[in-house]
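Here is what each chain is made of, one letter per residue.
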Amino acid sequence: MKVIIIEDETPAANRLERLVVAARPGVEVLKKMDSVEEAVECFNKGVEVDLIFMDIQLGDGLSFEIFNQTKVPAPVIFTTAYDHYAIQAFKVNSVDYLLKPVDEEELEKAIQKFEQQENSNSNGELKQILNAVRADRANFRRRFLVKTAGRLAFILVEDVAYFFSEEGVTFIVNKDNERYLLENTLEELEGQLDPGEFFRINRKMILASKSITRIEPYSNNRLQLTLNPGFSEEVVVSRHRTSEFKAWLDS
């Protein structure tokens, strides 16, 4: 079995290689890569590989961008420190999704899934996994407790337009353009929100898809958005998130 590892942290890449070789002594690790750019270049050359282990957060962007730029030549087992990318992972050519640090038993199960799929030429099990992940959406945030006029109130998640950070403080804005202070950071919110409905466009803002009313090209391959309710500053999708943002809108 020929394997490629895409991981931007050298110790993690080396550890994963050791675990894979220990699990399948006959495996051949063809290459270890650390960036979206390097992976795209490699796959464009037509490399022959059976299985790819792919970290999600790489130094030059999310690995989902690889799928937007080239044909990925083999099934993928994703590895990541965060669990909120699970649904996106299973929308592409994914066998399984492992949280770091990778557990030996979970790795063995993932490789077995790959081998079973190769033997049966069936993706039925993968579909079952995807359905299970989608069913887990019930665990995403459904409401937020905020303070207003000296009292506490709830904002339902379906009424949220966007979240933004200003001078280290996080705010939530609802569809009626009412702004409230939140104690959560944007990093925390990313793991609590349904990734099918919310997207972090840059380091300062997470928005709901329903709040976008217009999308326009911007400098340096970025995108400028118009939101409803409007925002006091320019709303721009950062360059390294643009490809993933387009894929999110099209999913």
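All values derive from a computational prediction rather than experimental measurement. Per chain, residues are indexed from 1 in the order of the written sequence. Residue-level local features of this predicted model are given only where pLDDT is at least 70; pairs of side-chain atoms are given and counted only at 80 or more, and the full residue set underlies all totals for whole chains, interfaces and linings. Side-chain numbers come from the whole structure's heavy atoms, not from hydrogens or water.

1. Let's talk about the sheet that holds strand 15 (residues 212–218)
Strand pairing in a sheet relies on backbone hydrogen bonds. The paired strands run either parallel or antiparallel. The pairing criterion is simple: DSSP has to find at least two bridges between the two strands. Numbering of helices and strands runs from the N terminus; a helix is a DSSP stretch of H or I covering at least four residues, while a strand is a stretch of E covering at least two. Spatially, 15-16-17 is the arrangement adopted by the 3 strands of the open sheet, whose pairing is antiparallel. Two strands in the sheet have a free side with no partner beyond their single neighbour: strand 15 and strand 17 (235–237). When strand polarity is set aside, the average angle formed by the axes of neighbouring strands in this sheet is 30°. Pairing of strand 16 (residues 222–227) with strand 17 involves 3 bridges; the strand directions are antiparallel. Note that in strand 17 the partner of Leu225 across the bridge is Val235. The axes are straight lines fitted to the C-alpha atoms, using for helices just the contacting stretch, and the angles between their N-to-C directions are given from 0 to 180°.

2. Re the sheet that holds strand 2 (residues 28–33)
One open sheet accounts for 5 strands, arranged 2-1-3-6-7; its pairing is parallel. Each of the sheet's edge strands pairs with one partner strand only, and the pair in question is strand 2 and strand 7 (94–99). Across this sheet, the average inter-strand angle for adjacent strands is 15°, counted without regard to direction. Sheet topology places strand 6 (residues 76–80) next to strand 7; 5 bridges connect them, and they run parallel.

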